[in-house]
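# Understanding the architecture of this molecule
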Amino acid sequence: MPLFRRKSADLLDESTAPVTPEEEPAAARARGYTPAKGRETPKRPSVGRRPAAAGKPLNKQERREERRRLRAEAATEFRREGGPRDRGPERLLARNVVDSRRTVGTWFFGGALIVLLGSNQAMPPEVRLASNILWVALAFALIIDSVLISRKIKKLVRERFPNTGQRMGSLYLYAIMRSITFRRMRAPVPRVAIGDPV
């Protein structure tokens, strides 16, 4: 018996197998028929493609207005949410500590302006002396206030976030810089009122 000869049972099965569309004779196929290559043709990715313009292109004035609107929206979102440096529960806690109290830092720039005007050489010596004393008092008050804020932040962070990865020095500096900013100019905007418990 030959080794590679087909069995008669295999020939019988092959003759009774149904004909697939690919094996149909050429005469039975449609005129525009293209044989399949084994997989579906991939569609072009829509990611990264520029969307089709909805209308006519913008003129110079409209482009300027659009840029102005986008800048205003970005500024509003920054005032409300802050930037990457403002994220994290520890930073939120530091902001709330600063925003819940009156700080010397908010009066520092106003006092510095008075000192600048009072230390002018045209002023009488008494006014210059008073402005220098005011400058020293403001500096000491700012240092003491910054130490008190830092101690409170340290205590609250260790209580509420014992496994924090935040560096405490970074949190202190963040809170101190916020404390010398006018309340209306702080970003993100304060979420607690003065006197609220933190």
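About the criteria used
Residues numbered from 1 in each chain as written. Predicted model: local features only at pLDDT ≥ 70, side-chain atom pairs only at ≥ 80, totals over all residues. Heavy atoms only, no water. 1 Å grid on protein atoms, 1.4 Å probe; cavity = no way out; pocket = protein on both sides within 12 Å on 5 of 7 lines; lining within 4 Å. Points joined across faces, edges and corners; volume = space filled by probe spheres on them. Helix = DSSP H or I, 4+ residues; strand = E, 2+ residues; numbered from the N terminus. Expected span 1.5 Å × (residues − 1). Buried < 20%, exposed > 50% of the residue type's maximum accessible area, 1.4 Å probe, protein only. Contact = heavy atoms within 4.5 Å. UniProt positions renumbered as here; feature names shortened; annotations may be inferred. Phe/Tyr/Trp six-rings, centres within 6.5 Å; stacked < 30°, edge-to-face > 60°. Lys NZ or Arg CZ within 6 Å of the ring centre and 35° of its normal.

This brings us to empty space enclosed by the protein. Evaluation of the coordinates by the stated rule reveals 1 cavity of 30 Å³ or more. By volume, the largest cavity amounts to about 30 Å³. Taken together, Leu 92, Arg 95, Asn 96, Asp 99, Arg 178, Pro 188, Val 189, Pro 190 and Arg 191 make up the full set of residues lining the largest cavity. If one sorts the elements of the lining of the largest cavity by residue count, helix α3 (residues 89-99) sits on top with 4 residues.

This paragraph deals with helix α4 (residues 105-118). The end-to-end C-alpha distance of α4 is 20 Å, a good match for the 20 Å that 14 residues give at a rise of 1.5 Å each. Burial in α4 covers these residues: Gly 105, Thr 106, Phe 108, Gly 111, Val 115 and Gly 118. As for α4, its buried residues are in contact with α5 (125-160) and α6 (168-179).

This paragraph deals with the UniProt feature "transmembrane region" (unreviewed entry) in the protein chain. The feature "transmembrane region" (unreviewed entry), as annotated in UniProt, sits at residues 104-123 and 129-150 in this numbering. Strand forms 0% of residues 104-123 and helix 70%; the C-alpha atoms that close the span are 26 Å apart. With 100% helix and 0% strand, residues 129-150 has its two end C-alpha atoms placed 32 Å apart.

The next point concerns the packing of aromatic side chains. Per the stated rule, a full pass over the model turns up 3 aromatic pairs. For the pair Phe 108 and Phe 109, a centre-to-centre distance of 5.9 Å together with 75° between the ring planes defines the contact as edge-to-face. Assessed through its relative accessible area of 15%, Phe 108 is described here as buried. For the ring pair Phe 109 and Phe 182, a centre distance of 6.4 Å and an interplane angle of 55° mean the geometry is tilted. Taken as a pair, Phe 109 in helix α4 and Phe 182 in the segment after α6 lie far apart in primary sequence, 73 residues in all. Each member of the aromatic cluster is reached from another via a ring pair, and the members are Phe 108, Phe 109, Trp 135 and Phe 182. Residue placement shows Arg 91 over the ring face of Tyr 174; its charged tip is 4.7 Å from the ring centre.

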